Amino acid sequence: GESNSFGAATLEDGNEKRTHISEVDAGGFELRGDVFVPTSICCLPYHAFLWRARVQEDVTVEALRLFTVVHPRPEIVVVGLGARGPRERLVDVEAHFREEGIALEQMDTANAVHTFNILNDEGRTVGGAFLTLEPRGIDEYA
């Protein structure tokens with residue numbers, strides 16, 4: 001796909017179907033039952049992007065900037081923080097999203113993906129940022 005300012009390849013969505021993550025496993029994510037993505041991802045209602053974040057410490061205001069610059073902005077962003085979920089609350093991220101008027105939910109990746117799918121299937125303006133279940137090096141799948 002094309003590169004963008006987030007240094008991510010865009011997984012194009014020409015058919016206007018909503019983003020749906022059909023499977024989560026230790027190695028990554030399956031989108032719509034046919035595209036396997038072996039890295040962390042950020043999702044919007046109709047698009048999915050590769051995401052450089054690997055571990056919880058990588059999940060910063062800057063790493064989640066996509067959700068405050070897109071239009072329409074999501075009403076809620078669901079963040080999946082790996083297999084075990086949040087070790088501690090992302091206080092800076094919470095404060096930033098509160099100031100921006102966007103609800104933020106933090107949980108383990110499997111539940112975050114499930115929550116994103118439900119909200120997106122309901123037609124909500126939702127964002128999702130999902131770490132892989134286990135951290136992966138940026139070149140482990142090359």
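## Some details on the sheet that holds strand E4 (residues 35-37)
One open sheet holds the three strands; their spatial order is E2-E3-E4, and the pairing between them is antiparallel. Both edges of this open sheet fall to strand E2 (21-25) and E4, since each of them pairs with a single strand only. Adjacent strand axes in the sheet meet at a mean angle of 20°, parallel and antiparallel pairs treated alike. Strand direction decides the pairing type here: E2 and strand E3 (residues 28-31), joined by four bridges, are antiparallel. Bridge assignment links Glu 23 to a residue of E3, and that residue is Glu 30.

## With respect to the nonpolar core
Of all hydrophobic cores here, the largest spans 20 residues; its most connected members are Trp 51, Val 59, Leu 64, Phe 67 and Phe 97. The set of elements that each furnish at least two residues to this core consists of strand E5 (41-44), helix H1 (66-69), strand E7 (76-80) and helix H2 (91-100). Aside from chain neighbours lying at most four places away, what touches Trp 51 is Thr 39, Ser 40, Ile 41, Cys 42, Val 59, Ala 63, Leu 64, Ala 129, Phe 130 and Leu 131.

## Considering unusual backbone geometry
With omega at -5°, the peptide bond leading from His 71 into Pro 72 counts as cis. Along the polypeptide, Pro 72 turns up in the loop between H1 and E7. The phi dihedral of Arg 32 falls on the positive side, at around 50°, and the residue is not glycine. Inspection of the secondary structure assignment puts Arg 32 in the loop between E3 and E4.

About the cut-offs
Residues numbered from 1 in each chain as written. Predicted model: local features only at pLDDT ≥ 70, side-chain atom pairs only at ≥ 80, totals over all residues. Heavy atoms only, no water. Pairing = 2+ DSSP bridges. Helix = DSSP H or I, 4+ residues; strand = E, 2+ residues; numbered from the N terminus. Axes fitted to C-alpha atoms, helices over the stretch in contact; angles between N-to-C directions. Core = buried A, V, L, I, M, F, W, Y, C linked by side-chain atoms within 4.5 Å. Buried < 20%, exposed > 50% of the residue type's maximum accessible area, 1.4 Å probe, protein only. Contact = heavy atoms within 4.5 Å.

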